[in-house]
Amino acid sequence: MMRTLLAILLFVVVQTTQAEEVLLDRIVALVNDDVVLQSELEAELASVRQNLEQRDVRMPPADELRAQVLDRLIVQTLQMNVAERRGIRVDSATLDAAVRRVAERNNLSLEGLRDALSGQGMNMSVFRDQLRRDITINRLRQQVMNQRLDVTEQEIQQFIERNRSLDRDYRLSQILISVPEAASADVIETARREADTVIERLDSGESFARVATAASDARNALEGGDLGWVPASQLPSAAASAIRDLQPGEHTAALRTPAGFQIYRLEDTRGSSEAMVEQSRVRHILIQPNEVVSNEDARLRLSSLRSRIESGGDFADLARANSDDPGSASNGGAIGWVDPANLPDSFGEAINSLDVGETSDIFRTRGGWHIAQVLERRTRDASESIAREEAEQAIRERKREEEIELWLRELRNEAYIERRLGGG
């Protein structure tokens, strides 16, 4: 629970054995209706100093470091205020799992983690509080950024086009008219004229492979100049730029390279991150348990329907009459082309094990009990959809840091903040 100004005293006072009053804590900053305590500042300072020492970073002047750390705590407090208003909570199970992940990443048991923290002057309770705060703030920022960040279709297309040339493979053939190192101007000019003659032969319709076999100095001349698939990133920049503007079947001008004069023909192009996936065209029948239909009832109904299908019954008709999936029942249970990897695990496993036209055994997902059929299979390149997802993610990440800073600035500007570092 957040501490409010009305709920916390400026000083915490305890009695010593001699009945003397000792000041244990004081407020170092007011943040709206909340406070930052001296003990919190000292704990954070110790953590920051330790981190800087581990990274072998020269320690800044003490007063500057203290002011920076206090500012961090103020910003954290502002964010925790917002998280509380939005009802963002981190339950014990989530926190326990996070603690286990920290231990695993450091190759420690939970007891080993506790000992390691103790060696750094921190107990497990304080560590859990910090971890809970970090998770809460991360969730808050994700929520806020989802509301504030917008990625347009135009931005996605521009990103893809801007990066397409660096993420392509080209199927190429080449003709090389070689030029020796330190060649004279006359030798270079002779090679240039020979390259021009090759271009004329190609433009007149002569086969590229034929000309390459006859005229190329490259080691693959007898293969018609075939280079196979070449990533754009492995090409000289001038060649990559010229090839990028070609359509399959077209060739470049004669390009001057360290090897001589090279002419490339583009045979084909593909995404270098090409992702071939097998898709299945699927239909299913779903029976959902409810207050009236028990799990066993659902299984028995599907068992009966499966027997009727195996005996020649029409799957589509039975789906229309019986399926509880409103999105597919009217279409005879058809859910279209799917990538099994994007389905619930049990659904994907059931689909993957089927032959085309075969009816699955009864299986369960969170939605209920199913039987399914695969009507067709096909292989498709999913690189375009992957490229769109990656583009949107990259754009969001690029915008995110700037947008977070703007949002935090707004929080500061709208808040009442009073720093009390100067006095006691």
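Residues numbered from 1 in each chain as written. Predicted model: local features only at pLDDT ≥ 70, side-chain atom pairs only at ≥ 80, totals over all residues. Heavy atoms only, no water.

- The protein is annotated in an unreviewed UniProt entry as Chaperone SurA of Spiribacter roseus.
- Reading the Subcellular location (unreviewed entry) entry of the UniProt record for the protein gives the comment "Periplasm".
- The Catalytic activity (unreviewed entry) comment attached to the protein in UniProt states, word for word, "[protein]-peptidylproline (omega=180) = [protein]-peptidylproline (omega=0)". (UniProt positions renumbered as here; feature names shortened; annotations may be inferred.)

Comments concerning the overall build of the protein
Thinking step 1. Within the protein, the secondary structure is distributed over 13 helices and twelve strands.
Thinking step 2. Here the protein, with 424 residues, has 38% of them falling under the buried criterion.
Thinking step 3. Counted over contacts in the protein with a minimum sequence separation of 6, partners at least 24 positions apart contribute 68%.
Thinking step 4. Total accessible area on the protein is roughly 25,100 Å²; 46% of this is exposed by carbon and sulfur atoms. (Helix = DSSP H or I, 4+ residues; strand = E, 2+ residues; numbered from the N terminus. Buried < 20%, exposed > 50% of the residue type's maximum accessible area, 1.4 Å probe, protein only. Contact = heavy atoms within 4.5 Å. Areas by Shrake-Rupley, 256 points an atom, 1.4 Å probe, with all protein chains shown as cover.)

Section: the pattern of salt bridges
Thinking step 1. Following the criterion strictly, the structure yields 20 salt bridges and no others.
Thinking step 2. When the shortest N-O distance is used, the salt bridge between aspartate 134 and arginine 133 registers 3.4 Å. (Salt bridge = Lys/Arg side-chain N within 4 Å of Asp/Glu carboxyl O.)

Quick notes on the nonpolar core
Thinking step 1. One finds Val36, Leu41, Val69, Leu70, Leu140 and Trp407 to be the most contacted residues of the largest nonpolar core, which totals 27 residues.
Thinking step 2. Here the element with the most residues in this core is helix α2 (residues 62–85); it accounts for nine residues.
Thinking step 3. Residues Ala191, Leu202, Phe208 and Ile263 belong to the second largest nonpolar core, which totals 14 residues. (Core = buried A, V, L, I, M, F, W, Y, C linked by side-chain atoms within 4.5 Å.)

Remarks on the pairing of strand β4 (residues 168–178)
Thinking step 1. Of all eleven residues in β4, nine are buried; the element is thus mostly enclosed.
Thinking step 2. Note: β4 against strand β5 (residues 226–231), five bridges, orientation antiparallel. Note that in β5 the partner of leucine 172 across the bridge is glycine 228. (Pairing = 2+ DSSP bridges.)

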